[in-house]
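Here is what each chain is made of, one letter per residue.
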Amino acid sequence: MSKSEQLFNRAQQVIPGGVNSPVRAFRAVGGKPVFIERGDGSRVWDVDGKEYIDYIGSWGPLIFGHRPPEIIQALSQVLEIGTSFGAPTEREVEIAELITKLIPSVEKVRLVNSGTEATLSAIRLARGFTGRERIVKFDGCYHGHGDSLLVKAGSGVATLGLPDSPGVPASLAELTTVLPFNDPSALIQEFEARGREIACLITEPIVGNMGCVPPRGDFLSILRDVTKSSGALLIFDEVMTGFRVALGGAQEKYGIRPDLTTMGKVIGGGLPVGAYGGRADIMDRIAPAGPVYQAGTLSGNPLAVAAGLASLRRLQKENPFGRLESLGARLERGLIAAAAKAGVQIRVNRAGSMFTVFFTDRDVFDFDSAKTCDTQRFNRFFHIMLDQGIYMPPSQFEAAFISTAHTETDIDRTIDAAGKALKA
Ligand SMILES: *Cc1c(COP(=O)(O)O)cnc(C)c1O
């Protein structure tokens, strides 16, 4: 028995499903998860010593790959002075100043410990600010596992085949309207019918959680218009796209100014961080400036903030988004050519260094079209890639990520492996 299998057996005795987050268990693709021992640059090694080119990157945070020197150095400096104080520190001011500079719609920002905490805090704030209760989200978008948001919530939930989750009160879920992504007429209809009840519309500006699905045409500017005219707040959930698709996130790429933005993943440089921010008049409703309560024992934790600050500073200095785009384009071209050669129908959706290979002959622009995929075919592809040392997300409905540590050689090796996996 491999060491991974032994560990998974032990884990299942003491951890529900053997994992601390569902997708890690490989339920969608079958088989058993590999346990990771270490990572370096674009590579990870499992506990049995097998090497992989990593396209998960901890599900998005690792834009520089594993163990970038700036982050290691920043963390070791903090270890010298103390890991938590529960009191304000200078680095928190520095990271807030940097975030507000890089994302101009974010005039004030509050740090939390995860993306989930960021989105549920932003929703509470939107409700508290507007005095309204209804929220609108899109089918297949994932905004963390908060109760109001765990309704038609994409990848993790879709993979497990749960339309939503037991434990979410029906009376709360009723306050969440779910609409199809990229469908302006459904959106306009909902806002005409109930616009005055809606506290906020929350969306991933580029969806990553039904696989990668970019917005079509002027969809995001329609979101901006309908929310503005009904007095609802527009929340961009940039937990995945923030500092990933551009220095200023998807809102910079598409030129849209949301009222609130949620962040996570890259902003923590691989440590647990989330953040939410936006218009100062709204953010000033948060305690202790205002009456909407939100707090955190470890919020603004020195280790997490140091890692985040080191990441954002390196992004600002290097602006690697051109290089990430060209690596992404190279991989996309190679995968499409390999599929054509193998006679397999795929669609590659990509936004810079975020991408998904969908096994379908139809364009994927919302969750219904994503569900046309041949998931069996994807699962076979996934396992053959894994055997060849290419570590892709273990679900058809997740985005994969390229880091600045990936090289052209890594990309070409991946294309070769995909050629074999597509033929099989
Ligand atoms: C990952 C993700 C979240 C949740 O973040 P956690 O840190 O896992 O709680 C929320 N929204 C989006 C868009 C995400 O990709």
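Anyway, here's the lowdown on the structure attached to this text. (Residues numbered from 1 in each chain as written. Predicted model: local features only at pLDDT ≥ 70, side-chain atom pairs only at ≥ 80, totals over all residues. Heavy atoms only, no water.)

**Brief notes about the sheet that holds strand β2 (residues 43-46)**
The strands making up a sheet are joined through hydrogen bonds of the backbone, oriented either antiparallel or parallel. Applied cut-off: When DSSP finds at least two bridges between two strands, those strands are taken to pair. Helical segments are the DSSP runs of H or I of at least four residues, strand segments are the runs of E of at least two, and each set is numbered from the N terminus. Pairs of residues are marked as contacts when any of their non-hydrogen atoms sit within 4.5 Å. Between N-to-C directions, angles span 0 to 180 degrees; the directions come from axes that are lines fitted to C-alpha atoms, helices contributing only their stretch in contact.
Read from one edge of the open sheet, 4 strands run β1-β2-β3-β13, paired in mixed fashion. Edge positions in the sheet fall to β1 (36-40) and β13 (390-391), since each has one partner strand and no second. Two elements, strand β3 (residues 51-54) and β13, share 2 bridges in a ladder whose sense is parallel. Following the sheet pairing, Ile53 is matched in β13 by Ile390. In the packing of helix α15 (residues 408-423) onto the sheet, the strands contacted are β2, β3 and β13, and the crossing angle to β3 comes to about 105°.

**What to know about the packing of aromatic side chains**
Applied cut-off: Aromatic contacts are taken between Phe, Tyr and Trp rings whose centres are within 6.5 Å, Trp giving its six-membered ring; a plane angle under 30 degrees counts as stacked, one over 60 as edge-to-face, and the others as tilted. Each residue gets one of three labels from its accessible area relative to the maximum for its type: buried under 20%, exposed over 50%, partly exposed in between, using a 1.4 Å probe on protein chains only. In our convention, an over-ring charge means Lys NZ or Arg CZ found within 6 Å of a ring centre and within 35 degrees of that ring's normal.
For the structure shown, the criterion picks out 10 aromatic pairs. A centroid spacing of 5.2 Å and a plane angle of 85° characterise the contact between Phe26 and Phe382, whose relative ring orientation is edge-to-face. With a gap of 356 residues between them, Phe26 in the loop between α1 (3-14) and β1 and Phe382 in helix α14 (residues 375-387) connect regions that are remote in the sequence. Comparing Phe26 with Phe382 shows no difference in burial state: the two are buried. Ring plane angle 75° and centroid distance 6.0 Å describe the contact between Phe367 and Phe397, whose orientation is recorded as edge-to-face. Of this pair, Phe367 sits in helix α13 (residues 367-370) while Phe397 sits in the loop between β13 and β14 (400-401); the two residues are 30 residues apart in sequence, bridging distant segments of the chain. An identical accessibility class is assigned to Phe367 and Phe397; each is buried. Linked through ring pairs, Phe138, Phe181 and Phe219 together constitute an aromatic cluster. Sitting over the face of the ring of Trp45, Arg38 holds its NZ or CZ atom 4.0 Å from the ring centroid.

**Considerations on the packing of helix α12 (residues 321-342) against α15**
Just so we agree on the cut-off: Here roughly perpendicular refers to angles of 65 to 115 degrees, roughly parallel to angles under 35, roughly antiparallel to angles over 145, and oblique to all remaining angles. By definition, any crossing whose near helix is turned counterclockwise from its far helix by less than a right angle is left-handed, and any crossing with a clockwise turn is right-handed.
With their axes 9 Å apart at the nearest point, α12 and α15 run at an angle of 20° to one another. As far as their axial angle goes, α15 and α12 are roughly parallel. At the point where α12 passes α15, the crossing takes the right-handed sense. For the pair formed by α12 and α15, the contact residues are Arg323, Leu327, Arg330, Leu331, Gly334, Leu335, Ala338, Ala339 and Ala342 on the first element and Glu408, Ile411, Asp412, Thr414, Ile415, Ala418, Gly419, Leu422 and Lys423 on the second.

**Concerning the packing of α14 against α15**
This is how it is decided: Lys, Arg, Asp and Glu make up the charged group, whereas Ala, Val, Leu, Ile, Met, Phe, Trp, Tyr, Cys and Pro make up the nonpolar group; the residues left over, Gly among them, are polar.
Between α14 and α15, the least distance of the axes is 9 Å, while the angle of their chain directions is 135°. One element, α14, and the other, α15, form an angle in the oblique class. When you trace α14 past α15, the crossing you get is right-handed. Residues Arg377, Phe381, Ile384 and Met385 of α14 pack against Thr414, Ala417, Ala418, Ala421, Leu422 and Lys423 of α15. For the contact of α14 with α15, the class distribution of residues is 7 nonpolar, 1 polar and 2 charged.

**Some words on the site of the ligand**
Threshold: Residues are classed as near a molecule or strand on a simple rule: at least one heavy atom within 4 Å of it. Any pair of nitrogen or oxygen atoms within 3.5 Å is treated as a polar contact; in protein, a donor-acceptor pairing is required on top of that, and neighbouring residues in sequence qualify only through side-chain atoms on both sides. Accessibility throughout is a Shrake-Rupley quantity obtained with a 1.4 Å probe, and a residue counts as covered only by protein chains that appear here.
Inspection of the region around the ligand gives Ser114, Gly115, Thr116, Tyr142, His143, Gly144, Glu204, Asn209, Asp237, Val239, Met240 and Lys265 as its neighbouring residues. Here a nitrogen atom of the ligand and a side-chain polar atom of Asp237 are 2.6 Å apart. Alone, the ligand offers 380 Å² of accessible surface; in the complex the protein occludes 83% of this. When its residues are assigned to classes, the shell around the ligand shows 3 nonpolar, 6 polar and 3 charged.

**A short note on the environment of Leu386**
Within the secondary structure layout, Leu386 lies in helix α14. If sequence neighbours within four positions are ignored, Leu386 has contacts with Phe26, Lys50, Tyr52 and Tyr391.

**A closer look at the sheet that holds β14**
Spatially, 3 strands are ordered β11-β12-β14 in an open sheet, and the strand pairing comes out antiparallel. One side of each edge strand has no neighbouring strand; the edge strands of this open sheet are β11 (347-351) and β14. The sheet strands contacting α12 are β11 and β12 (354-358), and the helix crosses β11 at an angle near 180°.

**Brief notes about empty space enclosed by the protein**
Definition in use: Points on a 1 Å grid over protein atoms alone make up a cavity when a 1.4 Å probe fits among them but cannot get out, and a pocket when they form an open set with protein on both sides within 12 Å along at least five of seven lines; lining residues each have an atom within 4 Å of a point. Grid points are joined across faces, edges and corners, and a volume is the space filled by probe spheres set on the points.
The full count for this structure, using the stated rule, is 5 cavities of 30 Å³ or more. If you add up the space inside the largest cavity, you get close to 90 Å³. Phe355, Thr356, Val357, Phe378, Phe381, Met392, Pro393, Ser395, Gln396, Glu398 and Ala400 are the residues that line the largest cavity. Put simply, the parts of the chain that give the lining of the largest cavity at least two residues each are β12 and α14. At 3 residues, the largest contribution of residues to the lining of the largest cavity is made by β12. Taken together, the residues of the lining of the largest cavity break down into 7 nonpolar, 3 polar and 1 charged.

**What about the pattern of salt bridges?**
Where we set the bar: By definition, a salt bridge exists where a carboxyl oxygen of Asp or Glu is found within 4 Å of a side-chain nitrogen of Lys or Arg.
Considering all chains together, one arrives at 20 salt bridges under this definition. Notably, a salt bridge pairs Arg279 with Asp259, separated by 3.1 Å at the nearest N-O pair. Of this pair, Arg279 sits in the loop between β10 (274-278) and α10 (280-283) while Asp259 sits in the loop between α9 (249-254) and β9 (260-263), and the two are 20 residues apart along the sequence. A network of salt bridges, in which partner residues are shared, links Arg224, Asp259, Arg279 and Asp281.

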